[in-house]
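# Descriptive structure summary
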Amino acid sequence: MRKNRAAVFGGGAIIGTLGGLIGLGGAEFRLPLLISVFGFASLEAVILNKAMSIVVVASALPFRAGTIPFSVLIDHWGVILNLLTGSLLGAWIGAGWAIRLRTATLYRVIALLLLFIALLLVFAHNPTNPVMPPLSGTTQVIAGVTVGFGIGVVASLLGVAGGELLIPTLALLFGIDIKLAGSLSLAISLPTMLVGFTRYSTDQSFTVVGRNRGFVLVMAVGSLFGAFLGGQLVGMVPAGLLLPLLAVIMVISAIKIWRHV
């Protein structure tokens, strides 16, 4: 399957569409694909996932600019900086943990985190009006740094962008509209992923990127195409219908990866 370019491109396009549509890197859905369909080992899949997530996130942000202008993101620079303060440190530490974990343990960690994210998609992503922030001032800043750290750890362990955790955090902790939260999550995810990717580059397993350059390129191009398509669909597809379907897909993926051990 790794040599089937149509399958690799198609997989990337589908994942990229989901990422551009929801405001995620799409890596939550790509990781099970890399393990179950394309047969990569857990840590290799995480590293490849991280590489392609960077491509999707970097492209999805400008693709969504027609709906959510950059000027609106700049108006929320304080929120971005607040969460980044914790997520950058968490990304570095999380990548270090992933490198040291045994393969079987990493598979189980991945499966449990995917299940956790599926529950978040259903219960924490509110597609309706934003809620009032429960905290304010210094307390909110401390909570933002703490949550950001946890998101950075999870993002590095899975090789994901972290949007599935950032979006509900932005909506529930800061009271931000769900579609604006999607774009803000991309702005926070990109530097967070770059830090985790840098940490992985110090490990011998990072050579998987060089050995699979063609695979990464084809799936990245597919992801770019999908991210563009998803960005155009932002205002058309109701989140209330999409999120439960994605959650079911992730639960099935988590079960498959747990059995992969």
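It should be noted that the structure appears before, not after, this text.
Quick look at the structure, then.

About the cut-offs
- Residues numbered from 1 in each chain as written.
- Predicted model: local features only at pLDDT ≥ 70, side-chain atom pairs only at ≥ 80, totals over all residues.
- Heavy atoms only, no water.
- Helix = DSSP H or I, 4+ residues; strand = E, 2+ residues; numbered from the N terminus.
- Buried < 20%, exposed > 50% of the residue type's maximum accessible area, 1.4 Å probe, protein only.
- Contact = heavy atoms within 4.5 Å.
- Areas by Shrake-Rupley, 256 points an atom, 1.4 Å probe, with all protein chains shown as cover.
- Core = buried A, V, L, I, M, F, W, Y, C linked by side-chain atoms within 4.5 Å.
- Salt bridge = Lys/Arg side-chain N within 4 Å of Asp/Glu carboxyl O.

## Considerations on the overall build of the protein chain
Per the secondary structure count, the protein chain includes twelve helices and zero strands. Split into buried and exposed, the 261 residues of the protein chain put 54% on the buried side. Excluding contacts between residues fewer than 6 apart, the proportion of contacts in the protein chain whose partners are at least 24 apart in sequence is 85%. For the protein chain, the accessible area works out to roughly 11000 Å², and carbon and sulfur atoms hold 70% of it.

## Observations regarding the nonpolar core
With 78 residues, the main nonpolar core has Leu 34, Ile 110 and Leu 170 as its most contacted residues. Considering each element in turn, this core owes the most residues, twelve residues, to helix 3 (residues 42-63). In this structure, Leu 34 is in contact with Gly 39, Phe 40, Ala 45, Leu 48, Asn 49, Met 52, Phe 215 and Met 219, ignoring residues within four places of it in sequence.

## What to know about helix 8 (residues 163-174)
Buried residues dominate helix 8, accounting for eleven of its twelve residues. Every buried residue belonging to helix 8 is among Gly 163, Glu 164, Leu 165, Leu 166, Ile 167, Pro 168, Thr 169, Leu 170, Ala 171, Leu 173 and Phe 174, and all of these are buried. Looking one or two places after helix 8, you find Gly 175, whose phi comes out positive at around 65°.

## Thoughts on the pattern of salt bridges
As a working rule, side chains carrying opposite charge can pair if their charged atoms are close by. Within the structure shown, the criterion is met by one salt bridge. With its nearest N and O atoms 2.9 Å apart, the salt bridge here joins Arg 211 to Glu 44. Highlighted residues: Arg 211 in helix 10 (residues 207-211) and Glu 44 in helix 3, separated in sequence by 167 residues. Arg 211 sits in the exposed class, given a relative accessible area of 52%.

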